[in-house]
Structures are given as C-alpha cells and as structure tokens.
Amino acid sequence: MTQTSENATWLTQEAYNKLKDELAYLTGPARTEISAKIAAAREEGDLRENGGYHAAKEEQGKQELRVRQLTQLLESAKVGEAPAADGSVAPGMVVTIAFDGDEDDTLTFLLASREYASGDIETYSPQSPLGTGVSGHRVGETVEYELPNGKTASVKILKAEPYKG
C-alpha cells in the first residue's frame with residue numbers, strides 16, 4: 001500500500017519487493033531482449049522504412065521510462081505496514097463514499113498510487129481532488145472537496161478498510 005507525503009512513498013514490504021523485482025527484470029533480461037530485437041531489425045536493412053526497428057526503439061523508450069519511474073519511486077520509498085483498520089481514510093485503503101450523502105449513489109475505490117491500479121478496483125491517487133478530500137477523515141464524516149473546475153462536491157465516507165489485494 002502507499003502513503004505518499006511530500007518526499008516519500010510508503011510501501012508494504014510485499015509491494016516494495018514486487019517493484020524491485022520488476023526493476024531487476026527491466027534492467028536485466030528485458031534490456032537484453034529489446035537489444036536483440038533492435039539488432040535483428042537493424043540487420044534487415046534500410047532503417048528509414050523498417051517498421052520492426054522503429055517499433056523496437058519505441059518499446060525500448062517506454063521500457064527505459066518505466067526503469068526511471070521505478071528507480072525514482074524505490075529511492076524515495078519507505079517500507080512499512082499496511083494502514084490500520086481504524087476507520088480513518090489513508091492511502092492503501094478501500095474507501096466507499098456516497099455522493100451528496102445519497103447512499104444509493106456510491107463509489108468504492110482504492111486510495112493508492114498508480115502502482116496499485118488494477119482491473120479489480122478503481123484507483124484514485126491520494127493527490128487527486130477526491131483523494132485529497134477524503135484523506136485523514138473518518139467513516140461517517142461528510143467532507144467537501146474542490147473539483148478541477150473550481151466547484152465543490154460533497155461526499156459521505158461510508159467505509160474505509162485496508163486493501164487486501
């Protein structure tokens with residue numbers, strides 16, 4: 001789970017290990033694989049019209065961007081425990097809210113960095129307007145937060161539980 005402050009991202013040991021393994025793969029076997037693809041495409045001849053070469057170079061660029069992102073994240077990471085199940089909203093929690101207090105109009109989401117985004121549950125960043133609005137508040141509270149268009153929205157926090165994914 002993550003808990004982001006100005007200078008650090010809090011991760012569980014499991015999350016830290018997973019990201020470190022991904023970085024090791026990208027800087028080892030994945031780099032070797034992409035280098036081989038580029039070399040094979042280069043041998044095909046004219047690089048100006050070589051789709052395989054350009055695709056491999058683009059893939060290499062994306063891979064290196066991910067390496068930089070992971071390196072930066074892991075350098076600033078602090079390893080700790082998952083948030084406590086005390087009813088307080090914090091990064092690493094699955095939060096259920098009701099818009100304008102209407103318990104028929106709800107949203108359940110994971111409050112975490114994009115490293116945790118999955119198809120299983122919608123993920124909101126702690127820095128997003130909604131994430132900032134609910135962070136630090138407790139179940140049962142109604143909070144207002146500012147939308148990107150300058151208007152305000154009101155939500156009631158119905159549930160906040162540690163993510164178990």
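Residues numbered from 1 in each chain as written. Predicted model: local features only at pLDDT ≥ 70, side-chain atom pairs only at ≥ 80, totals over all residues. Heavy atoms only, no water.

**Q** Which residues make up a negative patch on the surface, and what values go with them?
**A** The grouping of Asp100, Asp102, Asp104 and Asp105 at the surface amounts to a negative patch. Secondary-structure assignment places Asp102 in the loop between β4 (93–99) and β5 (106–111). In this structure Asp102 comes out as partly exposed when scored by relative accessible area, which is 38%. (Patch = residues over 30% accessible without salt bridge, like charges linked within 9 Å, V, L, I, M, F, W, Y side chains within 5 Å. Areas by Shrake-Rupley, 256 points an atom, 1.4 Å probe, with all protein chains shown as cover. Salt bridge = Lys/Arg side-chain N within 4 Å of Asp/Glu carboxyl O. Lys, Arg positive; Asp, Glu negative; His and termini not counted. Charge placed at Lys NZ, Arg CZ, Asp CG, Glu CD. Helix = DSSP H or I, 4+ residues; strand = E, 2+ residues; numbered from the N terminus. Buried < 20%, exposed > 50% of the residue type's maximum accessible area, 1.4 Å probe, protein only.)

**Q** Describe the confidence of the model for the protein, and please don't skip the residues or the numbers.
**A** Model confidence for the protein is summarised by a mean pLDDT of 84, while 86% of its residues fall at 70 or above. When the elements of the protein are averaged for pLDDT, strand β1 (residues 3–4) gives the smallest value, 44, and strand β7 (residues 142–146) the largest, 93. In the predicted structure, residues 1–7 sits below a pLDDT of 50 and forms 25 contacts with residues beyond four places in sequence or in another chain. (pLDDT = per-residue confidence, 0-100. Contact = heavy atoms within 4.5 Å.)

**Q** Describe the nonpolar core, with residues and values.
**A** One finds Val89, Val95, Ile97, Phe109, Leu130, Val134 and Val155 to be the most contacted residues of the largest nonpolar core, which totals 16 residues. For this core, the secondary structure elements donating two or more residues are β4, β5, α4 (129–134), β7 and β8 (152–162). A per-element tally of this core places β8 first, with four residues. What Phe109 contacts, discounting residues up to four positions off in sequence, is Met93, Val94, Val95, Ile97, Ile121, Glu122, Tyr124, Leu130 and Val134. (Core = buried A, V, L, I, M, F, W, Y, C linked by side-chain atoms within 4.5 Å.)

**Q** Before we move on, could you go through the pattern of salt bridges and cite the residues and values that matter?
**A** If you walk through the whole model with that rule in mind, you get four salt bridges. In this structure, Lys37 and Glu59 form a salt bridge, with 3.3 Å as the shortest nitrogen-oxygen distance. Of this pair, Lys37 sits in helix α2 (residues 29–42) while Glu59 sits in helix α3 (residues 51–76), placing them 22 residues apart in sequence. For the salt bridge of Glu58 with Lys62, the shortest nitrogen-to-oxygen distance reads 3.4 Å. Residue Glu58 and its partner Lys62 are located together in helix α3, separated by four residues, close to a single helical turn. Each member of the pair Glu58 and Lys62 is classed as exposed.

**Q** Give a detailed account of the packing of α2 against α3, specifying residues and quantitative values.
**A** Closest axis-to-axis distance for the α2/α3 pair is 8 Å, and the angle between their directions is 160 degrees. The pairing of α2 with α3 is recorded here as roughly antiparallel in orientation. For the pair α2 and α3, the sense of crossing is left-handed. Where α2 approaches α3, its residues Ala30, Arg31, Ile34, Lys37, Ile38, Ala41 and Arg42 are matched on the opposing element by Gly52, Tyr53, Ala56, Lys57, Glu59, Gln60, Gln63, Glu64 and Val67. (Axes fitted to C-alpha atoms, helices over the stretch in contact; angles between N-to-C directions. Parallel < 35°, antiparallel > 145°, perpendicular 65-115°, else oblique. Left-handed = near helix turned anticlockwise from the far one by under 90°.)

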